[in-house]
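What the coordinates show
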Amino acid sequence: MHYCTVNWIPIKEYEDILFLFWKGISKIEINRPHCHNAFRVETVKEMIDAIDICRDRRDIDVLIITGSGEKSFCSGGDQKTRGLGGYLGKDGIPRLNILDFYKRIRELPKPVIAMVNGFAVGGGHVLHVVCDLTIASENSIFSQVGPKVGSFDGGFGCSYLARHIGQKKTREMWFLCKEYSAKEALNMGLINKVVPKKQLEKVTIEWCQIIQKRSPMSLRMIKRCLNAELDGQHGLMQLAGDATFMFYLMDESQEGKNAFLEKRNPNFKKFSKLLEKKKL
């Protein structure tokens, strides 16, 4: 229970998640409290579908990701569904499709806030790490547990985590599999803010509303630029794609398109003055 401060409206019905909306804010809530919100293949498929809807809907400005209940944000992959080569879906095919969801979070041109309401463990810990911001309740616990269960995340779970807390602390988290309190997580730079449990959703909504007052294009480009260094050629492609998007909005780009459709030579000369220094 999140001590709701708003009246969330369902966007779409799913089996494993709640997908909700309120005044430009969307929320994906893993709804499997019976297993500490561990995700199975079907859970991840639903989250991917929901985040794709977030990307396309113009009335959604920011996304919150959280877990149902009072104990856990997410405890990672459901070990009961783990088979050879990955987690088994209803079709029996082994998958690690949570990696696709992590990438979706990075690619979404809108801010994503992890609202951590308890245990963020294993793949659930990586889930909050890949979000743009993390706000946690005072009772939250953070831990990497891969080596305990014969698993690891050598991608964002290591490289991006090290950008947050440094190489030494990242190795400590993975090698020792210790649990860290919300206060410890804040002190090491792992999260952005710690709040009392009853204020978690209220404060998260307040942050969302502040973000909604900012320039959407500026936020989009800042996220792309911050991702580009770590994401290599894929990150540069995302950044370049948004630069192209911005150019398409300009008159110079429109002139090229219109000239082609009108079967004439484009007149780009009239735009060259934008690149020239003003004469004194």
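These lines cover the structure that appears in this document, whether it is placed above or below.

Cut-off values and rules
- Residues numbered from 1 in each chain as written.
- Predicted model: local features only at pLDDT ≥ 70, side-chain atom pairs only at ≥ 80, totals over all residues.
- Heavy atoms only, no water.
- Pairing = 2+ DSSP bridges.
- Helix = DSSP H or I, 4+ residues; strand = E, 2+ residues; numbered from the N terminus.
- Axes fitted to C-alpha atoms, helices over the stretch in contact; angles between N-to-C directions.
- Contact = heavy atoms within 4.5 Å.
- Parallel < 35°, antiparallel > 145°, perpendicular 65-115°, else oblique.
- Left-handed = near helix turned anticlockwise from the far one by under 90°.
- Nonpolar A, V, L, I, M, F, W, Y, C, P; charged D, E, K, R; others polar.
- Phe/Tyr/Trp six-rings, centres within 6.5 Å; stacked < 30°, edge-to-face > 60°.
- Buried < 20%, exposed > 50% of the residue type's maximum accessible area, 1.4 Å probe, protein only.
- Lys NZ or Arg CZ within 6 Å of the ring centre and 35° of its normal.
- Core = buried A, V, L, I, M, F, W, Y, C linked by side-chain atoms within 4.5 Å.
- Salt bridge = Lys/Arg side-chain N within 4 Å of Asp/Glu carboxyl O.

We now examine the sheet that holds strand β3 (residues 25-30). A sheet is described by the order of its strands in space; here seven strands give the open sequence β1-β2-β3-β4-β9-β11-β14, paired in mixed fashion. Two strands bound the open sheet, and with one partner strand each, they are β1 (9-13) and β14 (193-195). Averaged over all neighbouring strand pairs, the angle between strand axes comes to 25°, with direction disregarded. Note that strand β4 (residues 62-67) and strand β9 (residues 112-116) share three bridges and pair parallel. In the strand pairing of β9, I64 is matched with I113. The sheet strands contacting helix α1 (residues 41-56) are β1, β2 (17-22), β3 and β4, and the helix crosses β2 at an angle near 20°.

On to the packing of helix α4 (residues 156-165) against helix α5 (residues 167-176). Between α4 and α5, whose axes approach to 7 Å, the crossing angle comes to 130°. What the angle tells us is that α4 and α5 run oblique. The two elements α4 and α5 meet at a crossing, and its hand is right-handed. For the pair α4 and α5, contact is made by G157, C158, L161, A162 and I165 and by Q167, K169, T170, M173 and W174, respectively. In terms of residue class, the contact of α4 with α5 is made up of six nonpolar, three polar and one charged.

Here we come to the sheet that holds strand β12 (residues 141-143). Pairing is mixed in the open sheet, where four strands are placed in the order β5-β10-β12-β13. Each end of this open sheet is capped by a strand with a single partner; those strands are β5 (72-74) and β13 (180-181). Relative to β12, strand β10 (residues 119-121) runs parallel, the two being bridged by three bridges. Bridge pairing links V121 to S143 in β12.

All right, on to the packing of aromatic side chains then. For the structure on display, the rule yields two aromatic pairs. Seen in terms of ring centroids, Y14 and F19 are 6.3 Å apart; in terms of plane orientation they differ by 55°. Their pairing is tilted. Judged on exposure class, the residue Y14 and its partner F19 are both buried. Considering the side-chain rings of F156 and Y160, the 6.3 Å spacing of their centres and the 75° angle between planes classify their relative orientation as edge-to-face. Remark: Y160 and F156 occur in helix α4; sequence separation between them is four residues, near one turn of the helix. For the pair formed by F156 and Y160, the shared burial category is buried. Looking at R57, its charged tip hangs above the ring of F21, at a distance of 5.0 Å from the centre. One cation-aromatic arrangement involves R106 over Y160; the distance from NZ or CZ to the ring centre is 4.4 Å.

This part takes up the environment of Y160. Y160 sits in the buried class, given a relative accessible area of 16%. Here the alpha-carbon distance between Y160 and D231, two residues 71 residues apart in the chain, equals 9.7 Å. Discounting residues that sit within four places of it in the chain, Y160 has contacts with R106, V129, V130, G155 and L230.

Further remarks concern the nonpolar core. One finds I65, F101, I105, L127, F142 and L190 to be the most contacted residues of the largest nonpolar core, which totals 46 residues. The element best represented in this core is α1, accounting for six residues. Those residues within four positions of L127 in sequence are excluded, and the remaining contacts are I30, I65, F73, C74, F101, Y102 and I105.

The next point concerns the pattern of salt bridges. Any two side chains of opposite charge can pair, given that their charged atoms come close. Within this structure, the stated rule accounts for 17 salt bridges. Residue K197 pairs with E70 through a salt bridge whose shortest N-O separation is 3.7 Å. Remark: E70 occurs in the loop between β4 and β5 and K197 occurs in the loop between β14 and α7 (200-212); sequence separation between them is 127 residues. Judged by relative accessible area, which is 29%, K197 ranks as partly exposed. Overall, E70 belongs to the partly exposed group, its relative accessible area being 37%.

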